[in-house]
Amino acid sequence: MPKASDTLWDLAIAEVEKRENPDDDGKRVEVWEKSLLFMGNKNGGKTTIILRCLEREEIPKPTLALEYTFGRRARRHNTPKDIAHFWELGGGTSLLELIRIPITSNNIRSFAVVLVLDLSKPNELWTTMEKLLQVTRNHVNKILTKLEKTNPEVAAEIKQRMQSNLQRDHPDYDLVDPFPIPLVIIGSKYDIFHEFDSEMRKIISKTLRFVSHYYGASLVFTSKSEALLLKARALINHLAFGYDKSKSVSVDHSKPLFVPAGLDSLSQIGPPPASDSDIGKMRANTPLELWKKVFEKTFPPESFCDLQDTKDPAQDLQYAEHEVDVMRAQKNQELEQYKRNASKTWKEMDFDSD
């Protein structure tokens, strides 16, 4: 029903929306709007996965810092399209401070995280996972703490939703520590990982199964194979567009893993892959810490810098802008001249030998 205060523009917009977005009864259908943050190893395949989820035939480009795109899907014919916001954090673990930008108190109810881990680099795996999840969890917990004061119902709803990934009668209900918002862990480059020694594959697979179960996350291994990408896409589409959640499970370590949240158990995963004597010598305060020690005994973390191979985007032709580039060249010349003058002045200075 139009309001007396509606302008002609308001009425025109309402009419267009009514024509484009009616449901069977002619009433407006609520639009589903979700947000996802993709993060993980540098060059781990995040952009490729996003493009496949959005069915875009584009050549992936390196992600510089924090990039954004979106996708739209209609749940059925002649209904408004739902919207999913896709954020991608580049640089591996070098740009952790940017995580707080896409996750806010306004969208946290509809936010999810997709962690992409490069299976071909096991010595970087735990460090990458730990840093990214720790910073994300700390930021989300700060938002939830504020919401408990300003909007306690929403805060309680978010916490309850994550606890519900496991049924109360699940034997592991009191042994896990669910991530505060929905989480999917994707092991990428399975084609390379499949060539690893079988014992190495088993250790990595069991460890990621434990971590995923402990955090209440879904786990899937993927590669450039269309069949494996479809499995990853199914998990992401469930979070982004509310598609039906897959109930299939694959936990055979000789095959790509596929374990939706809540469908695994500590008894099926088994103990950490180490001898009883080795486990007895390890000091750990939590099950997660114990698994970390066992994993890093086989795959000691390598010191790596995600920024060392980062190219200067100002030199990348795909970002060329004539006016900006001319001004930048001028400023570079001025800087070099300043350095020469400063060096000359410094050399001419007469220091007191006393």
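Residues numbered from 1 in each chain as written. Predicted model: local features only at pLDDT ≥ 70, side-chain atom pairs only at ≥ 80, totals over all residues. Heavy atoms only, no water.

The name given to the protein chain in an unreviewed UniProt entry is Cytoplasmic dynein 2 light intermediate chain 1, with the source organism recorded as Limosa lapponica baueri.

Chemist: Hey, could you run me through the overall build of the protein chain in this one?
Modeler: A tally of regular secondary structure across the protein chain gives 11 helices and seven strands. Across the 354 residues in the protein chain, those meeting the buried criterion constitute 41%. A separation threshold of at least 6 residues defines the contact pool for the protein chain, and within that pool the share at least 24 residues apart is 70%. On the protein chain, roughly 21,200 Å² of surface is accessible, and the fraction owed to carbon and sulfur atoms is 52%. (Helix = DSSP H or I, 4+ residues; strand = E, 2+ residues; numbered from the N terminus. Buried < 20%, exposed > 50% of the residue type's maximum accessible area, 1.4 Å probe, protein only. Contact = heavy atoms within 4.5 Å. Areas by Shrake-Rupley, 256 points an atom, 1.4 Å probe, with all protein chains shown as cover.)

Chemist: Would you explain the sheet that holds strand S4 (residues 111-118) in this entry?
Modeler: Adjacent strands of a sheet pair through backbone hydrogen bonds, lying either parallel or antiparallel. The seven strands lie next to each other as S2-S3-S1-S4-S5-S6-S7, forming an open sheet whose pairing is mixed. The sheet terminates laterally at strand S2 (66-74) and strand S7 (258-259), the two strands that pair on one side only. Relative to strand S6 (residues 218-221), strand S5 (residues 183-188) runs parallel, the two being bridged by four bridges. Residue pairing in the sheet places isoleucine 185 in a bridge with leucine 219 of S6. The sheet contacts of helix H3 (residues 122-150) involve strand S1 (33-40), strand S3 (81-89), S4 and S5, and relative to S4 the element is tilted by about 165 degrees. (Pairing = 2+ DSSP bridges. Axes fitted to C-alpha atoms, helices over the stretch in contact; angles between N-to-C directions.)

Chemist: Explanation requested: the packing of aromatic side chains in the structure shown.
Modeler: Think of a pair of aromatic rings as described by two things: how far the centres are apart, and how the planes are tilted against each other in angle. Scanning the entire structure with this criterion turns up 14 aromatic pairs. Pairing phenylalanine 193 with phenylalanine 221 gives two aromatic rings, centres 5.6 Å apart and planes at 80 degrees, and the pair type is edge-to-face. Placement of the pair is phenylalanine 193 in helix H5 (residues 190-193) and phenylalanine 221 in strand S6, with a sequence separation of 28 residues. According to the relative accessible area criterion, phenylalanine 221 is buried, its value standing at 1%. Judged by centre distance (5.8 Å) and plane angle (65 degrees), the ring pair of tyrosine 214 and tyrosine 215 falls under edge-to-face. Take tyrosine 214 and tyrosine 215: they sit in the same class, and that class is buried. Among the aromatic residues, those joined into a cluster by ring pairs are Phe179, Phe210, Tyr214, Tyr215 and Trp291. Taking the ring centre of tryptophan 32 as reference, the NZ or CZ of lysine 34 above it sits at 4.5 Å. (Phe/Tyr/Trp six-rings, centres within 6.5 Å; stacked < 30°, edge-to-face > 60°. Lys NZ or Arg CZ within 6 Å of the ring centre and 35° of its normal.)

Chemist: I'm lost on the side chain of arginine 209 in this one. Help?
Modeler: The residue arginine 209 is located in helix H6 (residues 198-214) in this model. For arginine 209, a relative accessible area of 3% translates into the label buried. Sequence-distant contacts of arginine 209, that is, excluding residues within four places in its chain, are made with Leu219, Val251, His253, Leu257, Asp264, Gln268 and Ile269.

Chemist: Please explain the pairing of S6 as it appears in this structure.
Modeler: One face of the sheet, then the other: side chains in a regular strand alternate in exactly this way. Covered by surrounding structure in S6 are Ser218 and Val220 together with Leu219 and Phe221, the residues of both alternating faces. Across two bridges, S6 lies against S7 in antiparallel orientation. For leucine 219, the partnering residue across the bridge sits in S7 and is valine 259.

Chemist: When you look at the environment of alanine 284 in this model, what are you seeing that I'm missing?
Modeler: Within the secondary structure, alanine 284 sits in the loop between helix H9 (276-281) and helix H10 (287-298). Here alanine 284 is in contact with Glu289 and Leu290, once residues within four sequence places are set aside.

Chemist: Would you take a moment to explain the packing of H6 against H10 for this structure?
Modeler: Any two packed helices are characterised by how steeply their axes cross, that is the angle between the axes, and by the distance between the axes. The geometry of H6 relative to H10 is characterised by a closest axis approach of 11 Å and an angle of 160 degrees between their N-to-C directions. As far as their axial angle goes, H10 and H6 are roughly antiparallel. Both H6 and H10 take part in a crossing whose hand is left-handed. Listed contacts from H10 to Ile203, Ile204, Lys206, Thr207, Phe210, Val211 and Tyr214 of H6 are Pro287, Leu288, Trp291, Phe295 and Thr298. (Parallel < 35°, antiparallel > 145°, perpendicular 65-115°, else oblique. Left-handed = near helix turned anticlockwise from the far one by under 90°.)

Chemist: What should I look at first to understand the packing of H3 against H10 in this one?
Modeler: At a closest axis distance of 10 Å, the pairing of H3 and H10 adopts a crossing angle of 155 degrees. Judged by the inter-axis angle, H3 sits roughly antiparallel to H10. The handedness of the crossing between H3 and H10 comes out as left-handed. Mapping the contact onto sequence places Pro122, Leu125, Trp126, Thr127 and Glu130 in H3 and Leu288, Trp291, Lys292, Phe295 and Glu296 in H10. Taken together, the residues of the contact of H3 with H10 break down into six nonpolar, one polar and three charged. (Nonpolar A, V, L, I, M, F, W, Y, C, P; charged D, E, K, R; others polar.)

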